[in-house]
Each structure stands twice: as C-alpha cells, then as structure tokens.
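# Topology and contacts: notes
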Amino acid sequence: MKIKDTQYRSVKLHPDNDKIIQIVDQRWLPHKFIIADLKSVKDVEMAIKDMWVRGAPLIGATAAWGMYLATFEIPAQCSLQFYFEDIYHRLLKTRPTAVNLKWALDQMMDAVLDNDSIAETQWYAKTRAQFICDGDVEINKKIGEFGLKIIEEIAAKKNNKPVNILTHCNAGWLATVDLGTATSPLYLAHDKGIKIHVWVDETRPRNQGANITAWELLQHEVPHTLIVDNAGGHLMQNGFVDVVIVGTDRTSVRGDVCNKIGTYLKALAAYDNRIPFYVAAPSSSIDFKMRDAFSEIMIEQRNAAEVKYVQGLHNNEIKSVLIAPSETPAINYAFDITPAKYVTGLITERGICQPNEEDILNLFPQKK
Ligand code: MRU
C-alpha cells in the first residue's frame, strides 16, 4: 500500500535488523502514522492483545513473526518442543476469535521443530513467516480479482452511476499484510476506472471504520462517506446501497460468518432489502474443522472501557473521553455470527462460492 509514494506493509521484518519486526501502530490512526518496532515475543503478545495490530490475517502474520522472534530467546538446555509449545499458547491466547492466529501458529510450529541447529531453526522460522506474509498478499490479490467481477456486473447495470458498496469495520490493508480482503476488490475497481462509492460504518466501539477504513480509502482516493453504525438499514431501504462486502474472523465450514460486532445486523438489513451480502473470506479465515459456529466460536469480550470511552483528536492531542455515566455498567462483545442463510457468497482466493459445506469443500478439496 502506498502512502505519499512510499510502499508499506502492515507488518514486516526491519530492513536493516533481522531481529526486529516493524508494524504500523494502528492505535493512533488516522491522526498519527507511527511505525513501531517489536523486539521480543512479549512485544508481539502486547501488540496483538492491545490492538496495535488487528484484523484476522494481520494477527496471524504478526504472531508468525512472534514465533520467529522466539527463536532468539531460547533458554539454554531446554526442551525445544516444550519451549515452542509454551510460546504457541502464549501467542494463541492474545485474541481468541480469529482462526488465522492458530492457522499461522500451526505452520510456524512445523518450521521451528526438528531442525539440526538453532541457526537452522531461525532460518526456517524466518522463511516461513515471510512465506505466510507473501501468501497473504497473493490471496488478497485473488480475492480482489474475483470480487471485482461482482462490482463490474453491478456497474454494468448502473448507467455510469457509482456502485455503492457498504463495508463494516476494517477488512483493509491494515487488517492484512497488504491490500485487504473486503477492500481488495474496491481498490481494483477504483484503479480500473469503475465508479464506486463506499459507505463506511464507523464500527463502535473501537471505530475501526472511522479511524482506519476511512483513512485507507482516503489514501487511495476512493470516494467514501462515513456513517454511524445504525444508518445502514435506512440507506438500504432507500436504494443507496448496491452491495455489502465485509471481512471475516472465522467462517465455519458450513458458511456461518463470525465478524466484527454489528455485521449480523447489516446482513439482516441487506437480506430484508434484497441487497447482495458478500464476505471476503481467505481460506486462512475458514475453520474447516468447525461445523457449529454458534456453540464453538469463542466470542471475544473486551474491556467495557472501550464502550464507555471514545478516543479522538482535540487541540492536536489524542484524547479519550467518557461518554456515559462512569457508574453505568457496559459490556463489550467484539464479534457476532451471521448465519450462512444471509450470506450471498464467500469471495475466496479460489473463487466465489455459496456459504455451505459442499461448495466450500469443492473449492478446497484438500480440506475434506
Ligand atoms: O477486532 P478487530 O479490529 O481485529 O476486528 C477486525 C474484523 O472484524 C475484520 O472485519 C476481520 O478481521 C476481517 S479482516 C480482513
């Protein structure tokens, strides 16, 4: 992703020091663009848990680099199996909902065990983490190409008027290594000269839509409008939305989609108004072993302070303000599940499929 002519990835190895991982510290966007250095497993744990990085694919990629950093912290005379299992579990519990975390850590475990020397372990870990990151970008490119077809079909019927796309939260390049999942078709369509306009849900409580998606679209000069989370239904009823495209943190093999809290309500409104509702779902976000999303997915509950306080810029300083009585209790469910019946299709790196087990496994037969 380019910002003022400089190419960035959301996570990468430091160009001059291969014991440092660099991330975009997303806590301060859109007001400050800060690159942070992560130098230890502890740094990586904190960056994921406290959402310096967030978004399912990026969480996975960052954890992979965390496992790589662990290869520089191996204590003398320890069981490597024991040591890496402990790191694996520490990183796995940083965010419980997105399956990409486990997906990436499983691959890293393969890379770090059964090598002949620590130097070899470090090399394999670095190569695998880089492979996961490059793979994420390739997957997102493909999702972009398949999603573009949906936008092109709608554009063809709109007589040169912009295609109105609604998205929730941030499934953009800052939620992945680059390009994003739900945003990848949008960037491609815009670059191809197709007129699009994006409705950006603010996405309370942490405002990933207002803070991050809006900022990303602005960098890419994609026309967009910020709306409060509750506006989507009204816009859909009045014909202002042509298609909804969102991301996913974990989609079951039956096609039920877990994503940022509020996604379900958007899907219900889209269904009621016969508006196509697509989910950009890389295979790394599909839990091929999970059949019953409703009983099996652990929905993360975050600190209630995220509901009661809002962060913003005041007099050039980033401040947090209380928006409810301090004594009022609040609860902060971070994700919800949209049943497959409300999902028009899953846009994967292998094509678009219906959200059901048969169609998903037809695209990914090796997962049967
Ligand atoms: O809590 P977050 O910001 O990590 O949640 C992010 C989302 O819900 C995204 O929509 C999802 O991870 C898909 S990102 C490609």
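Values in this document were obtained by computation on a predicted structure and should not be read as measured data. (Residues numbered from 1 in each chain as written. Predicted model: local features only at pLDDT ≥ 70, side-chain atom pairs only at ≥ 80, totals over all residues. Heavy atoms only, no water.)

## Considering the packing of aromatic side chains
Ring pairs (aromatic) are described by centroid distance and by the angle formed between their planes. Evaluated as defined, the whole model comprises ten aromatic pairs. Ring centres of Tyr271 and Tyr342 lie 4.8 Å apart, and the angle between their planes is 80°; on these two criteria the pair is classed as edge-to-face. One end of the pair, Tyr271, is in helix α9 (residues 263-272); the other, Tyr342, is in the loop between β16 (335-338) and β17 (345-348), and 71 residues separate them in sequence. Three or more aromatic residues joined by ring pairs form one cluster here, namely Tyr8, Phe33, Trp173 and Trp215. Directly above the ring of Trp52 sits Arg27, whose terminal nitrogen or CZ lies 3.8 Å from the centroid. Positioned above the aromatic ring of Phe335 is the side chain of Lys260, whose terminal nitrogen or guanidinium carbon lies 4.2 Å from the ring centre. (Phe/Tyr/Trp six-rings, centres within 6.5 Å; stacked < 30°, edge-to-face > 60°. Helix = DSSP H or I, 4+ residues; strand = E, 2+ residues; numbered from the N terminus. Lys NZ or Arg CZ within 6 Å of the ring centre and 35° of its normal.)

## Some thoughts on the sheet that holds strand β13 (residues 286-287)
Taken together, four strands build an open sheet; the order of strands is β13-β10-β11-β16 and the sheet is mixed. Unpaired on one side and paired on the other, β13 and β16 mark the two borders of the sheet. Across two bridges, strand β10 (residues 250-252) lies against β13 in parallel orientation. Paired with Ser252 across the bridge in β13 is Asp287. Across the sheet, α9 lies against β11 (257-260) and β16, angled at about 30° from β16, the strand it touches most. (Pairing = 2+ DSSP bridges. Contact = heavy atoms within 4.5 Å. Axes fitted to C-alpha atoms, helices over the stretch in contact; angles between N-to-C directions.)

## Describing the pairing of β17
Burial along β17 is two-sided: the residues Gly345 and Ile347 and Leu346 and Thr348 are all buried. Examined bridge by bridge, strand β12 (residues 277-280) and β17 share three bridges and lie parallel to one another. The residue of β17 that forms the bridge with Val279 is Leu346. As judged from the three bridges shared by β17 and strand β18 (residues 351-353), these two strands associate in the antiparallel manner. Each bridged residue has a counterpart across the sheet, and for Leu346 the counterpart in β18 is Cys353. Remark: two residues form the turn of the hairpin made by β17 and β18, two consecutive strands paired antiparallel. (Buried < 20%, exposed > 50% of the residue type's maximum accessible area, 1.4 Å probe, protein only.)

## Examining the packing of helix α4 (residues 100-112) against helix α5 (residues 118-156)
In the contact formed by α4 and α5, the axes pass within 8 Å of each other and the chain directions differ by 150°. Taken as axis vectors, α4 and α5 run roughly antiparallel relative to one another. Here the hand of the crossing between α4 and α5 comes out right-handed. Taken together, the residues of α5 that come into contact with α4 (itself represented by Trp103, Ala104, Gln107, Met108, Asp110, Ala111 and Val112) are Thr121, Tyr124, Ala125, Arg128, Ala129 and Ile132. (Parallel < 35°, antiparallel > 145°, perpendicular 65-115°, else oblique. Left-handed = near helix turned anticlockwise from the far one by under 90°.)

## Remarks on the domain arrangement of the chain
When the domains of the chain are assigned, the result is domain 1 (2-135) and domain 2 (142-367). If you average the C-alpha positions of domain 1 and of domain 2, the two centres end up 25 Å apart. The interface is formed by 33 residues belonging to domain 1 together with 34 residues belonging to domain 2. Buried area between domain 1 and domain 2, both sides added, is near 2800 Å², and the carbon and sulfur share of it is 58%. The three residues of domain 1 that bury the most area against domain 2 are Arg54, Thr97 and Val99, which together make up 22% of that side's buried surface. In this structure, the salt-bridge partner of Glu300 is Arg95, at a minimum N-O distance of 2.8 Å. Where domain 1 meets domain 2, there are 15 residue pairs in polar contact (both at pLDDT 80 or more). Elements supplying a minimum of two residues to the side of domain 1 that touches domain 2: β1 (2-3), α2 (56-70) and α4. It is α2 that provides the largest number of residues to the side of domain 1 that touches domain 2, a total of four residues. (Domains from an automatic or database assignment. Buried area = accessible area lost by both parts, 1.4 Å probe. Salt bridge = Lys/Arg side-chain N within 4 Å of Asp/Glu carboxyl O. Polar contact = N/O pair within 3.5 Å; in protein donor to acceptor, adjacent residues only side chain to side chain.)

## Observations concerning the site of the ligand
Not every one of the 19 residues close to the ligand is listed here, only the nearest: Arg95, Gln208, Asp249, Asn259 and Lys260. Note that an oxygen atom of the ligand is positioned 2.9 Å from one of the backbone N or O atoms of Gly55. Notes on the ligand: free accessible area 420 Å², of which the protein chains cover 100%. Listing elements by their share of the shell around the ligand, those giving two or more residues are α2 and β11. (Near = heavy atom within 4 Å. Areas by Shrake-Rupley, 256 points an atom, 1.4 Å probe, with all protein chains shown as cover.)

## Observations regarding the side chain of Arg95
Structurally, Arg95 can be placed in the loop between α3 (80-92) and α4. Its relative accessible area of 4% is what places Arg95 among the buried residues. Here Glu300 takes part through its side chain, which lies 2.8 Å from a polar atom of the side chain of Arg95. Among all residues touching Arg95, those that are not within four sequence positions of it are Ile48, Met51, Arg54, Ile59, Leu101, Lys260, Glu300, Arg302 and Phe335.

## Focus on the sheet that holds strand β8 (residues 224-227)
Taking strand neighbours across the sheet as the criterion, the seven strands line up as β8-β7-β6-β9-β12-β17-β18 in an open arrangement whose pairing is mixed. A strand with exactly one partner marks an edge of an open sheet, and here the two such strands are β8 and β18. Averaged over all pairs of adjacent strands, the angle between their axes in this sheet comes to 25°, without regard to strand direction. Judged from the five bridges that link them, strand β6 (residues 163-167) and strand β7 (residues 196-201) form a sheet pairing that is parallel. Paired with Ile165 across the bridge in β7 is Val198. Across the face of the sheet, helix α7 (residues 208-219) comes into contact with β6, β7 and β8 while running at roughly 160° to β7.

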